[in-house]
Amino acid sequence: MGQALTRAVPPGLLPVLPPLGHPQEHQDGSQIIHLDSQDDITTLQEEQEKFPDLSKLPPELAINVLRHLNATDLCLASCVWQQLATDNILWQGLCRTQWQYASIYNDTSKKPLLYRNVYLMLDEGSLTFNSDASQGMNYFITKGLVKNDPYEIARFIHGTSSLVKSKVRQYVQGRQDIVEYLVSLQNYANTFLPNALRRFFSKLEAPNDRGSYLQRLLEHFSVRFCQCNPSLGMTVDSVYVMCFSLILLSVDLSSPHVKNKMSKREFIRNTRGAVGAEGAVRIAVDDDLFGCLYDNVFLRGHVADQEIPLEKGCKQQFVPGYLALFL
């Protein structure tokens, strides 16, 4: 085999390989870098994978890289790139992402505003609020983060998800002026009534009972829903009654203690009678609407917040995958 290969290849066509451990030379005199050991290969790979020094990049590019970090990682990055990681634009973005509105943002008397310090105060206030709602809101007000005004407080609560909803409910339960502004900040235009209720209870947690606080919540919601959807021709009373019907239906369908679930026909009959007793407009409210309300609750589950149900032991209804296709 070897002799046949030697005869097939004429002399001079086979390249002469250089000895191992020496760089190979081209005809033009250049050399190819030869790695003598595995350590050299590892070192080269580490150099290629090493994170670039942000201080050597253009400031706009470096800030764009640091923009993807959260507050904790940004504080750690400041140990290496202090000037870049403490940039006011980065911390302003973090503040407005987690707290969309605060009165201090528009306070012209505190210019220039250091958003890194503002973030630390807002974070401290949120932790205090989630422990004690009254003490936390007092912290926000005394530090000048939020003005002591119902509208300003409502805008602050509406624009953040850092506050625990149960603590928000405890705070606003005795402040109806704040509740009115919170409801007015929500938009239910072109939204189906059960979905609007879910959005409403995602901002204002549903209470554990059906007392006067729930009634006041639904009264404010009904007024706001009619304001956002004037073309539906519904009255505030009819929306109010349908909201209670949806809550009762949600408890009936999702509670394990209820053995005989309410049927669609029963819900339509009961809601028709309740809405008719309130003098609703028959043209705007008919049986087809009641049937759609039932279908929505049956497929999507409880209209109140699934974490804090209205009735003890109430669980969010499971929606099979094939039924989710019709949502």
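Numbering of residues begins from 1 in every chain and follows the order in which that chain's sequence is written. Totals for whole chains, interfaces and linings use all residues, but because this is a predicted model, local features are given only for residues with pLDDT of at least 70 and pairs of side-chain atoms are given and counted only at 80 or more. Just so you know, side-chain values use all the structure's heavy atoms and leave hydrogens and water out.

**A few points about the overall build of the protein**
Strands here mean DSSP runs of E at least two residues long; helices mean DSSP runs of H or I at least four residues long; both are numbered from the N terminus. Scanning the protein for helices and strands turns up 17 helices and 2 strands. Contacts: residue pairs with any heavy atoms within 4.5 Å of one another. Contacts spanning at least 24 positions in sequence make up 59% of the contacts within the protein whose residues lie at least 6 apart. Here, Shrake-Rupley sampling with a 1.4 Å probe gives the accessible areas, and only protein chains in the shown set may cover a residue. Carbon together with sulfur atoms contributes 53% to the accessible area of the protein, which is approximately 19,700 Å² in total.

**A closer look at the pattern of salt bridges**
When a carboxyl oxygen of Asp or Glu is within 4 Å of a side-chain nitrogen of Lys or Arg, the pair counts as a salt bridge. By the definition in use, this model includes 4 salt bridges. The partner of Glu205 in a salt bridge is Arg169, and the shortest N-O contact between them spans 2.7 Å. Of this pair, Glu205 sits in the loop between helix H12 (193–203) and helix H13 (212–228) while Arg169 is found in helix H10 (residues 165–172), placing the two residues 36 residues apart along the sequence. An identical accessibility class is assigned to Glu205 and Arg169; each is buried. A 1.4 Å probe rolled over the protein chains alone gives each residue an accessible area, and that area as a share of the maximum for its type sets the label: buried under 20%, exposed over 50%, partly exposed in between.

**Focus on the side chain of Glu152**
Positionally, Glu152 belongs in helix H9 (residues 150–158). Among the polar contacts made by the side chain of Glu152, one reaches the side chain of Ser103 at a distance of 2.7 Å. Once you skip the residues sitting within four places of it in the chain, Glu152 turns out to touch Tyr101, Ser103, Val146 and Lys147. Throughout this description, a polar contact denotes any pair of N or O atoms lying within 3.5 Å of each other; where both atoms belong to protein, one of them has to be capable of donating a hydrogen while the other can accept it, and for residues adjacent in sequence the pair is counted only when both atoms sit in side chains.

**Remarks on the state of the cysteines**
We call a pair of cysteine sulfur atoms a disulfide when they lie within 2.5 Å. Inspection of every chain in the model, using the stated rule, returns 0 disulfides. The thiol of Cys228 is not disulfide-bonded; the next cysteine sulfur, from Cys226, is found 9.4 Å away.

**Description of the packing of H12 against helix H16 (residues 287–300)**
To obtain an axis, a line is fitted to C-alpha atoms, over the contacting stretch when the element is a helix, and the angle between two such axes runs from 0 to 180 degrees between their N-to-C directions. Taken N-terminus to C-terminus, the directions of H12 and H16 make an angle of 50 degrees; their axes are 9 Å apart at the nearest point. Relative to H16, the element H12 is oriented oblique. Residues Leu193, Pro194, Asn195 and Arg198 of H12 form the contact with H16, whose own contacting residues are Leu293, Asn296, Val297 and Arg300. Broken down by class, the residue content of the contact of H12 with H16 amounts to 4 nonpolar, 2 polar and 2 charged. Oblique is the label for any angle not under 35 degrees, not over 145, and not in the 65 to 115 range, which are roughly parallel, roughly antiparallel and roughly perpendicular in turn. Ten residue types, Ala, Val, Leu, Ile, Met, Phe, Trp, Tyr, Cys and Pro, are classed as nonpolar, four, Asp, Glu, Lys and Arg, as charged, and the remainder, Gly among them, as polar.

**Structural notes on the packing of aromatic side chains**
The criterion for an aromatic pair is that two Phe, Tyr or Trp rings (for Trp, the six-membered ring) have centres within 6.5 Å, with stacked assigned to planes under 30 degrees apart, edge-to-face to planes over 60 apart and tilted to the rest. Per the stated rule, a full pass over the model turns up 14 aromatic pairs. The interplanar angle of 70 degrees and the centroid separation of 6.4 Å between the aromatic rings of Tyr139 and Phe140 together place this pair among those described as edge-to-face. Taken as a pair, Tyr139 and Phe140 share a single burial class, namely buried. Residues Phe267 and Tyr294 carry aromatic rings whose centres are separated by 5.9 Å and whose planes lie at 50 degrees to one another, so their mutual orientation is tilted. Here Tyr294 lies in helix H16 and Phe267 lies in helix H15 (residues 264–277), a separation of 27 residues in the sequence.

**What about the packing of helix H11 (residues 176–184) against H13?**
Orientation of H11 relative to H13, taken along the N-to-C sense of each, is 35 degrees, at an axis distance of 9 Å. H13 is crossed by H11, and the crossing has right-handed handedness. For the pair H11 and H13, contact is made by Gln176, Val179, Glu180, Val183 and Ser184 and by Tyr213, Arg216, Leu217, His220, Phe221 and Arg224, respectively. Classifying every residue of the contact of H11 with H13 gives 5 nonpolar, 3 polar and 3 charged. Working rule for handedness: look at the near helix, and if it is turned counterclockwise from the far one by less than a right angle, call the crossing left-handed; if clockwise, right-handed.

**Some words on H13**
By this rule, a helix spans an expected 1.5 Å times one less than how many residues it contains. Compared with an ideal rise of 1.5 Å per residue, which puts 17 residues at 24 Å, H13 spans 25 Å between its outermost C-alpha atoms and is within 8% of the ideal. Inspection of H13 places Tyr213, Leu214, Leu217, Leu218, Phe221, Ser222, Arg224, Phe225, Cys226 and Cys228 among the buried residues, and these make up the whole buried set. Structurally, H13 contributes buried residues whose contacts are with H10, H11, H12 and helix H14 (236–254).

**Examining the environment of Leu218**
Relative to the helices and strands, Leu218 resides in helix H13. Since its relative accessible area comes to 0%, Leu218 is described here as buried. With residues up to four places along the chain from it excluded, the contact list for Leu218 reads Leu197, Phe201, Tyr240, Cys243, Phe244 and Ile247.

**Focus on the side chain of Ser245**
Mapped onto the elements of the fold, Ser245 is located in helix H14. Its relative accessible area of 14% is what places Ser245 among the buried residues. Here Ser245 is in contact with Phe267 and Thr271, once residues within four sequence places are set aside.

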